[in-house]
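Coordinates in review
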Amino acid sequence: MTSRREALRYQSRLLQKSSERSQDTHPLTWRLNDDGRIVDLKDYLAKDGYQSVRKVLNEKSPQEVISAMKEANVRGRGGAGFSAGLKWSLTMQGDGIPRGYLVCNADEMEPGTFKDRLLMEQQPHLLIEGMILGAWANNSKLGYIFLRAEYVESARVLNQALKEAREAGWLGNSIAGSGFDFDIILHTGAGRYICGEETALLNSLEGKRANPRAKPPFPGQSGAWGKPTVVNNVETLCNAPAVLLNGSDWYQELSGDRTEDGGTKLYGASGLVNRPGLWELPMGTTGQEIMDLAGGIRGDRGLKAWLPGGASTGFLLPEHLELPLDFDTVGKEGSRLGTGLITVVTEDQSMISVLRNLEQFFARESCGWCTPCRDGLSWAAKILMAMEQGEGQEGDVEMLEKLAVDNGPGLTFCAHAPGAAMPMETALKHFRKEFEDGVNKPRGVAHADPIPVGDI
C-alpha cells in the first residue's frame, strides 16, 4: 500500500522513461530514477555530479561563468524569462563591495505548476550544484533556498542533501580545494503567492511583511540585508551545471532550430487531460506536442482554451497549439510562456467560472500594498461571482475590461496585478459573448466538481 509520503512524492513523477532520456539530450532529468527514488549523493557523483563545480571553481573566473550563461541564452524558468547571465552580470562586485547572497526562489505557488517540486524531491544535488556555480559567479557568501511551506517532502529531501553535501566537502570552506567558501540554508516560507516576486521574497526572508520593494535599487545592488543579492528560480539554477560542463554551444543546440532560446524546458499539462504530468523537452516544443504526450482531453470533450504556463498567463485558443512554446512567440500572441505547464479548459466549462476561480485566488493573495491590486482584484472577483449566479448587471463586462486595463503593466507596484489582469483581459477578448450572457441571465453550475476557494 502506498504511504502518504510516497503519494505526495509521486504526484510530480516525470512521464519519460530512462530509456527516453540521455545525458546529451536531457540535462535536467537524465539522472532521475524511473521509480521516483531520490538521486542521493552517491548516485549523483556516479553520474558526473559536481564535476562542473570542480571544473569551474578551479579553472574559470566568475566573469567567464557569466559570459557562458549569457551565450547559452539561459532565460529565467520561473516565468519572467529574463536572461540569467545578464542578471548575474548586474550584481555589484569588486573591492570594497561586501559579499552578498544567492537566493533560490522555490516558492512554487503558481496554480497548475509542479516542475520545481520534481527537481527538489528527486534530484536535490543538481539544485545545490547550480547554486554553488551561481554563488561563484556572483561572489555570494551564503545561499538560501526559499521554499514553499506546503512542500514538506521537498524540505525533508533538501535538508538531507545539504547535510550530505557538507559532510562531503561540497559546501562549507574551500569547496573542491578552491579556497571558495559557501554554504546554503533552507528557509520555509509562510505560504504566500506574493513571495514569488523577488523583493517580496527578500522582505519575507528578512522577517518582514512580504510586500514588494521599490526598484531601484535592484537586488543585485541592495538585496537581502542591504547586500548584493541574486534571486533565481529552481529550474533556472539547475541548468547551470550542464551549461558550464558542456559549453554554451552544446546547450543552444538542444533546442535546434525551434527557437533562439537555448536548452530544454520542463513542460507539463494539467486539468482534464488523460496523462497530466511533466516532460523535459527542447525549448520551442509546441503546445500540440505536449497535448499529444498528455494523451489528449478526457472523454469526448473538446478543447476550448488553454493557459500556457500557470494562472497568471493569458488564455490561448486551440489554433495556437501549433505555436512553439518559447518566451517571445507566446508573448506576441498576448500571453506569456510563464512556467510552461499547460492548463486546459474544456468546451463544457464556463469561462466565467474559470476566470472567477482565478481572480478569487489573485484577490486573496494580493499583499494589499497598492490600491489597483488590493481593491480592483476583489471587485473583479465579486462581479464574476454575480455573473456566475445570473446576477450580473449592465456595464459589468465593460467594468471588467477597465479593471484589466487599470491593473496592467506599469500601473501597479509589482507584477502581481498584471499577472491577474492577463487571463481576465484575454478571456474577455476571446469569449466576450459568454460574459455578456452572464448579465441578468441565469446560469447552471459551471463545474461538475467546483473548487472551493473561500470568500473575498
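Each remark here, short or long, concerns the structure printed above.
Residues numbered from 1 in each chain as written. Predicted model: local features only at pLDDT ≥ 70, side-chain atom pairs only at ≥ 80, totals over all residues. Heavy atoms only, no water.

This paragraph deals with the overall build of the chain. Scanning the chain from N- to C-terminus turns up 18 helices and eight strands. Here the chain has a C-alpha radius of gyration of 22 Å; the compact-globule value for 456 residues is 23 Å, and the two agree. Dimensions along the principal axes, computed over C-alpha positions, put the chain at roughly 70 × 50 × 45 Å. Relative to its full complement of 456 residues, the chain shows a buried share of 58%. Accessible surface for the chain amounts to roughly 18,400 Å². Of this, 50% is attributable to carbon and sulfur atoms. On the chain, the mean spot of the 49 positive side-chain charges and the mean spot of the 60 negative ones are 5 Å from each other. (Helix = DSSP H or I, 4+ residues; strand = E, 2+ residues; numbered from the N terminus. Rg over C-alpha atoms; globule rule 2.2 N^0.38 Å. Buried < 20%, exposed > 50% of the residue type's maximum accessible area, 1.4 Å probe, protein only. Areas by Shrake-Rupley, 256 points an atom, 1.4 Å probe, with all protein chains shown as cover. Lys, Arg positive; Asp, Glu negative; His and termini not counted. Charge placed at Lys NZ, Arg CZ, Asp CG, Glu CD.)

Our focus in this paragraph is the nonpolar core. One broad rule of soluble globular proteins: the nonpolar side chains tend to lie buried together. With 63 residues, the main nonpolar core has Tyr 50, Trp 88, Leu 127, Ile 128, Ile 132 and Ile 145 as its most contacted residues. Ranked by residues supplied to this core, first place goes to helix H7 (residues 124-138) with nine residues. Here Tyr 50 is in contact with Leu 41, Tyr 44, Leu 45, His 125, Ile 128, Glu 129, Ile 132, Ala 165 and Trp 170, once residues within four sequence places are set aside. (Core = buried A, V, L, I, M, F, W, Y, C linked by side-chain atoms within 4.5 Å. Contact = heavy atoms within 4.5 Å.)

Pairing between sheet strands relies on hydrogen bonds along the backbone, with the strands arranged either parallel or antiparallel. In spatial order, the strands read E6-E5-E8-E7; together these four strands make up an open sheet with mixed pairing. Only two strands of the sheet have a single partner each, and these edge strands are strand E6 (277-282) and strand E7 (303-307). Averaged over all pairs of adjacent strands, the angle between their axes in this sheet comes to 30°, without regard to strand direction. Pairing analysis gives four bridges linking E7 to strand E8 (residues 341-346), with the strands arranged antiparallel. Bridge pairing in E8 links Ala 305 to Val 345. (Pairing = 2+ DSSP bridges. Axes fitted to C-alpha atoms, helices over the stretch in contact; angles between N-to-C directions.)

With that settled, consider helix H10 (residues 234-246). Across the 13 residues that make up H10, a large majority, eleven, are buried. Its side-chain oxygen at 2.9 Å from the backbone nitrogen of Glu 235, Asn 233 defines the N-terminal cap of H10. Gly 247 sits one or two residues past H10 and shows a positive phi near 100°. (Polar contact = N/O pair within 3.5 Å; in protein donor to acceptor, adjacent residues only side chain to side chain.)

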